[in-house]
Amino acid sequence: MLGPLEIRVMEVLWTAGQSSVRDVVEKLERKLAYTTVMTTLDRLFKKGMLARQKSERAFLYLPRLSNQEWERRRAGDLVAGFLAGRSEERRVGKECRS
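Okay, so let's go over this structure. (Residues numbered from 1 in each chain as written. Predicted model: local features only at pLDDT ≥ 70, side-chain atom pairs only at ≥ 80, totals over all residues. Heavy atoms only, no water.)

1. Brief notes about the overall build of the protein chain
Okay, step 1: Scanning the protein chain for helices and strands turns up 4 helices and 3 strands.
Okay, step 2: Ordered by position from N to C terminus, the α and β elements of the protein chain give α-β-α-α-β-β-α.
Okay, step 3: Put simply, the protein chain has 98 residues, and 26% of those count as buried.
Okay, step 4: Counting only carbon and sulfur atoms, one obtains 53% of the accessible surface of the protein chain, whose full area is about 7100 Å². (Helix = DSSP H or I, 4+ residues; strand = E, 2+ residues; numbered from the N terminus. Buried < 20%, exposed > 50% of the residue type's maximum accessible area, 1.4 Å probe, protein only. Areas by Shrake-Rupley, 256 points an atom, 1.4 Å probe, with all protein chains shown as cover.)

What follows is the structure in structure tokens.
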């Protein structure tokens, strides 16, 4: 699950492609501290959403999934969560009737 800022950062990267922290900071509508964007990019990297490579003294970040792939995965997770909830409801319902 991604938070609102993480989604916005991903949108910047899906549009711009490979970018540094500074590139992302400049492209965000809402001006945020460099360190805030850097932390968000690092979290997205740790979640497996981004690849990164060292370029001189900075990292360059690149999405590991396209926007369409992420939307499909997100939809699949929602359906799986819904179905898991339904099976849990049926299990609890059977226990109550016993």
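Now, onward.
2. Quick word on the nonpolar core
Okay, step 1: Judged by nonpolar contacts, the single largest core of 18 residues is most densely connected at Leu13, Val24, Val37, Leu41, Leu44, Met49 and Leu50.
Okay, step 2: For this core, the secondary structure elements donating two or more residues are α1 (4–16), α2 (21–27) and α3 (34–46).
Okay, step 3: Among the elements that take part in this core, α1 stands out by supplying 4 residues, more than any other.
Okay, step 4: Other than its neighbours up to four places away in sequence, Leu41 contacts Val9, Leu13, Val21, Val24, Leu50 and Tyr61. (Core = buried A, V, L, I, M, F, W, Y, C linked by side-chain atoms within 4.5 Å. Contact = heavy atoms within 4.5 Å.)

3. Re the pairing of strand β3 (residues 58–63)
Okay, step 1: Pairing of strand β1 (residues 19–20) with β3, which is carried by 2 bridges, proceeds in the antiparallel orientation. Opposite Ser19, over in β3, you have Tyr61 as the bridge partner.
Okay, step 2: The pairing of strand β2 (residues 50–55) with β3 spans 6 bridges and is classified as antiparallel. Directly across from Lys54, in β3, lies its bridge partner Phe59.
Okay, step 3: If you look at the hairpin formed by β2 and β3, you'll find 2 residues sitting between the two strands, and Glu56 has a positive phi there, around 60°. (Pairing = 2+ DSSP bridges.)

Function cannot be read off these values alone, since they describe shape.
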